[in-house]
Amino acid sequence: RNIVAPQGTAFTSEHARILKRYIDEVVLCFDSDNAGQTAAVRVLDSLLGAGLVIRVATIPGGHDPDSFIKVNGAEAFQQIIKSAQGFFDYYLNRLCATNDLNTDKGRLAIVRSMAEAVAKANSPVLTDTYAQKTAQRLGVATESVRAEFKKGGRPAPFVHPADDEPPAEAQPEKVVPPSTREFWFLRYLLAGEQEQVNWLRRHLIWDWIAHVQVRQIAAARFQMLDHNTWHGVPSLLDHFEENSIQELITSAAAEDLPTRDIDKNIQQTLLNIRNDWIDARLAQLTQKFGQTGLTESELIEIAQEKKNLHALKKGPLISKEEPLVDPVASAEQVP
């Protein structure tokens, strides 16, 4: 019941208006290959324009709805429909899986694509919600993402200069600040006692830190700890020539740390950073699970990694000097 086959790319705004006469929410369930997932994004304008709420059900393992039901039965398919994600959560996961989160280019592409999609909903609540979610996934400041969302993801219009006007010099790319959690991690590294810094080093897995400059500063701080060359923030500033890194260090060291419950807060901050990484990795695995052409062993491997990650998230932070029960994260010592 209540199933509509849009027949390829022929779905239009008129079709969406007809659907709106009968329902307020639609669940998109296209094929799991890239063309099917692209089609799910393509119909966004028409459905939002008709005032419909949109969720997206992802069929795993290279199936389309028909083949999935034949193999797994109707009940399994109904469960996929019930657990369908909201469109913007689905789209954010897809963008994060198809762009490199470790590069400025990849992060900017994600922010701009999300901004363009959310702008179509014309909802301040959704805009703010997904500005926060996008910022959390990318490990950047929410304010920066909000500013990009206000542009609606549209690039600035190009204006041809007058013939006698020299071209403007290229402006250096603005460095995206770290997330609030990673900024506090920096504050603890710079103002914490040696024992607290040692604790952070023993428990930190480099993969958890999303911001490149935070990694660089932390690596330098730990190196100074090894060589007994830490003489306060000035010695760290001398280690870097980039203005943006020096400004980040200065900003993080600008205020004294609160003295109350500092050990507890340090541990909770690193735990939150770890869990953010786990959430991002789980989203990548969920997206990968829905790709076509995966072998049975690959699907089993993905399922096992997801199981390990869920178990890891429920557990405490583990020192790298202890036997690791974390088979997923990298324990490399230098970023």
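Rules and cut-offs
Residues numbered from 1 in each chain as written. Predicted model: local features only at pLDDT ≥ 70, side-chain atom pairs only at ≥ 80, totals over all residues. Heavy atoms only, no water. Helix = DSSP H or I, 4+ residues; strand = E, 2+ residues; numbered from the N terminus. Contact = heavy atoms within 4.5 Å. Areas by Shrake-Rupley, 256 points an atom, 1.4 Å probe, with all protein chains shown as cover. Axes fitted to C-alpha atoms, helices over the stretch in contact; angles between N-to-C directions. Parallel < 35°, antiparallel > 145°, perpendicular 65-115°, else oblique. Left-handed = near helix turned anticlockwise from the far one by under 90°. Nonpolar A, V, L, I, M, F, W, Y, C, P; charged D, E, K, R; others polar. Expected span 1.5 Å × (residues − 1). Buried < 20%, exposed > 50% of the residue type's maximum accessible area, 1.4 Å probe, protein only. Polar contact = N/O pair within 3.5 Å; in protein donor to acceptor, adjacent residues only side chain to side chain.

Peer 1: So what about the overall build of the chain? Which residues, and what values?
Peer 2: Across its full length, the chain holds 16 helices and 3 strands. Intrachain contacts of the chain at a sequence separation of at least 6 include 70% that bridge at least 24 residues. As displayed, the chain has an accessible area near 19700 Å², and 50% of this comes from carbon and sulfur atoms.

Peer 1: If you had to explain the packing of helix α7 (residues 104-119) against helix α8 (residues 124-138) to someone new, which residues and values would you point to?
Peer 2: Look at α7 against α8: their axes get within 10 Å of each other, and the N-to-C directions meet at 165°. Taken together, the axes of α7 and α8 are roughly antiparallel relative to one another. At the point where α7 passes α8, the crossing takes the right-handed sense. In this structure, α7 uses Arg-107, Ile-110, Val-111, Met-114 and Val-118 to contact α8, whose residues at the interface are Leu-126, Thr-127, Tyr-130, Thr-134 and Leu-138. Tallied by class, the residues present in the contact of α7 with α8 amount to 7 nonpolar, 2 polar and 1 charged.

Peer 1: Tell me about helix α10 (residues 180-191), residues and numbers included.
Peer 2: Between its terminal C-alpha atoms α10 stretches 16 Å, which fits the 16 Å expected from 12 residues at 1.5 Å a residue. All of the buried residues along α10 are Glu-182, Phe-185, Leu-186, Arg-187, Tyr-188, Leu-189 and Leu-190. Where α10 is buried, its residues meet α11 (194-203), α12 (212-227), α13 (233-237), α14 (243-252) and α15 (262-289).

Peer 1: Can you explain the environment of Arg-146? Please cite residues and give values.
Peer 2: Topologically, Arg-146 is positioned in helix α9 (residues 142-150). What makes Arg-146 partly exposed here is its relative accessible area of 29%. As a C-alpha pair, Arg-146 and Thr-127 span 19 residues in sequence and 8.0 Å in three-dimensional space. In this structure Arg-146 touches Asp-128, Ala-131 and Gln-132, once residues within four positions along its chain are discounted.

Peer 1: Residues and numbers for the side chain of Arg-274, please.
Peer 2: Within the secondary structure, Arg-274 is located in helix α15. For Arg-274, the side chain forms a polar contact with the main-chain oxygen of Lys-313, separated by 3.2 Å. Among all residues touching Arg-274, those that are not within four sequence positions of it are Trp-208, Leu-312, Lys-313, Gly-315, Pro-316 and Leu-317.

Peer 1: Tell me about the environment of Glu-255, residues and numbers included.
Peer 2: With respect to the helices, strands and loops of the structure, Glu-255 is situated in the loop between α14 and α15. Along the backbone, Glu-255 and Arg-187 are 68 residues apart, and their C-alpha atoms lie at a distance of 8.6 Å.

The analysis is restricted to geometry; functional conclusions fall outside its scope.
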